[in-house]
Amino acid sequence: MTEAAIRYDVFQAIADPTRRSVLQLLAASDRPISNITEHFTISRTAVVKHLKILEQAELISAQKKGREKIYTLHSERLKEIEDWLQYFHLFWDNKLAQLQSMVEDH
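For clarity, every value in this text was computed on a predicted model and none was experimentally measured.

### Focus: the sheet that holds strand β2 (residues 60-65)
Spatially, three strands are ordered β1-β3-β2 in an open sheet, and the strand pairing comes out antiparallel. Of all strands in the sheet, those with a lone pairing partner are β1 (31-32) and β2, marking the two edges. Here β1 runs beside strand β3 (residues 68-73); their pairing, made up of two bridges, is antiparallel. Among the inter-strand pairings, Pro-32 is bridged to a residue of β3, identified as Ile-70. Set on the sheet, helix α2 (residues 17-28) makes contact with β1, β2 and β3; between it and β3 the angle comes to about 90 degrees. Lying on the sheet, helix α4 (residues 44-56) is in contact with β2 and β3; it crosses β2 at an angle near 120 degrees.

### Regarding the pattern of salt bridges
Evaluated as defined, the whole model comprises three salt bridges. The closest approach of N and O atoms between Glu-58 and Arg-77, which form a salt bridge, is 3.9 Å. With Glu-58 in the loop between α4 and β2 and Arg-77 in the loop between β3 and α5 (79-105), this residue pair connects regions lying 19 residues apart in the sequence. Residue classification places Glu-58 among the partly exposed positions, given a relative accessible area of 47%.

### As for the pairing of β3
As defined by bridge partners, β2 adjoins β3 across six bridges and the pair is classed as antiparallel. When the sheet's bridge partners are listed, Ala-62 is paired in β3 with Tyr-71. In this antiparallel pair of consecutive strands, β2 and β3, the connection spans two residues, and Gly-66 shows a positive phi of 65 degrees.

### Re α2
In a regular helix each residue adds 1.5 Å, so twelve residues correspond to 16 Å; α2 covers 17 Å between its end C-alpha atoms and thus fits that length. The complete set of buried residues in α2 reads Thr-18, Arg-19, Val-22, Leu-23, Leu-25 and Leu-26. Each buried residue of α2 sits inside an arc of 160 degrees when the element is viewed along its axis, so together they form one side. For α2, the exposed residues set more than 90 degrees away from the buried face come down to Gln-24, Ala-27 and Ala-28. Looking at the packing, one finds that the buried side of α2 touches α1 (10-14), β1, α3 (33-37), α4, β2 and β3. One side-chain oxygen of the residue at the start of α2 lies 2.8 Å from the amide nitrogen of Thr-18, identifying that residue as Asp-16.

### A few points about the nonpolar core
Core analysis: the biggest nonpolar cluster contains 19 residues, and Ile-36, Leu-51 and Ile-60 have the highest contact counts within it. Of all elements in the fold, only α1, α2, α3, α4 and β3 reach the threshold of two or more residues within this core. What Leu-51 contacts, discounting residues up to four positions off in sequence, is Val-22, Ile-33, Ile-36, Ile-60 and Tyr-71.

### A short note on the packing of aromatic side chains
All told, the structure shown has one aromatic pair when counted by the stated rule. Aromatic side chains Phe-11 and Trp-84 sit 5.7 Å apart centroid to centroid with 70 degrees between the ring planes, which places their arrangement in the edge-to-face category. Residue Phe-11 is located in helix α1, and its partner Trp-84 is located in helix α5; the two are separated by 73 residues in the primary sequence. Look at Phe-11 and you get partly exposed, because its relative accessible area is 29%. By relative accessible area, which is 48% here, Trp-84 ends up partly exposed.

Criteria and cut-off values
Residues numbered from 1 in each chain as written. Predicted model: local features only at pLDDT ≥ 70, side-chain atom pairs only at ≥ 80, totals over all residues. Heavy atoms only, no water. Pairing = 2+ DSSP bridges. Helix = DSSP H or I, 4+ residues; strand = E, 2+ residues; numbered from the N terminus. Contact = heavy atoms within 4.5 Å. Axes fitted to C-alpha atoms, helices over the stretch in contact; angles between N-to-C directions. Salt bridge = Lys/Arg side-chain N within 4 Å of Asp/Glu carboxyl O. Buried < 20%, exposed > 50% of the residue type's maximum accessible area, 1.4 Å probe, protein only. Expected span 1.5 Å × (residues − 1). Arc of directions from axis to C-beta. Polar contact = N/O pair within 3.5 Å; in protein donor to acceptor, adjacent residues only side chain to side chain. Core = buried A, V, L, I, M, F, W, Y, C linked by side-chain atoms within 4.5 Å. Phe/Tyr/Trp six-rings, centres within 6.5 Å; stacked < 30°, edge-to-face > 60°.

In structure tokens:
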């Protein structure tokens, strides 16, 4: 399968710490690639590969402005992660309530 044929989901996209850092940068503001690469010790080519994965997961988009691409975060796509985690919040809330009840009963 070629690289162009691979599609990444949100969970795959955030699995890498570099990509999570990129998302944090873009949460603060839209940024050109030159600004994004300044925050990392990896090559520009490596940053571009990370950006492509984030784009394929539809977490970010790029718009050409002059000679640069400006990257924008699509935070609504992170809702999928929040929804998935919500189950575990409910699970742990229930477990902690049971523990508290046990402790108070003894």
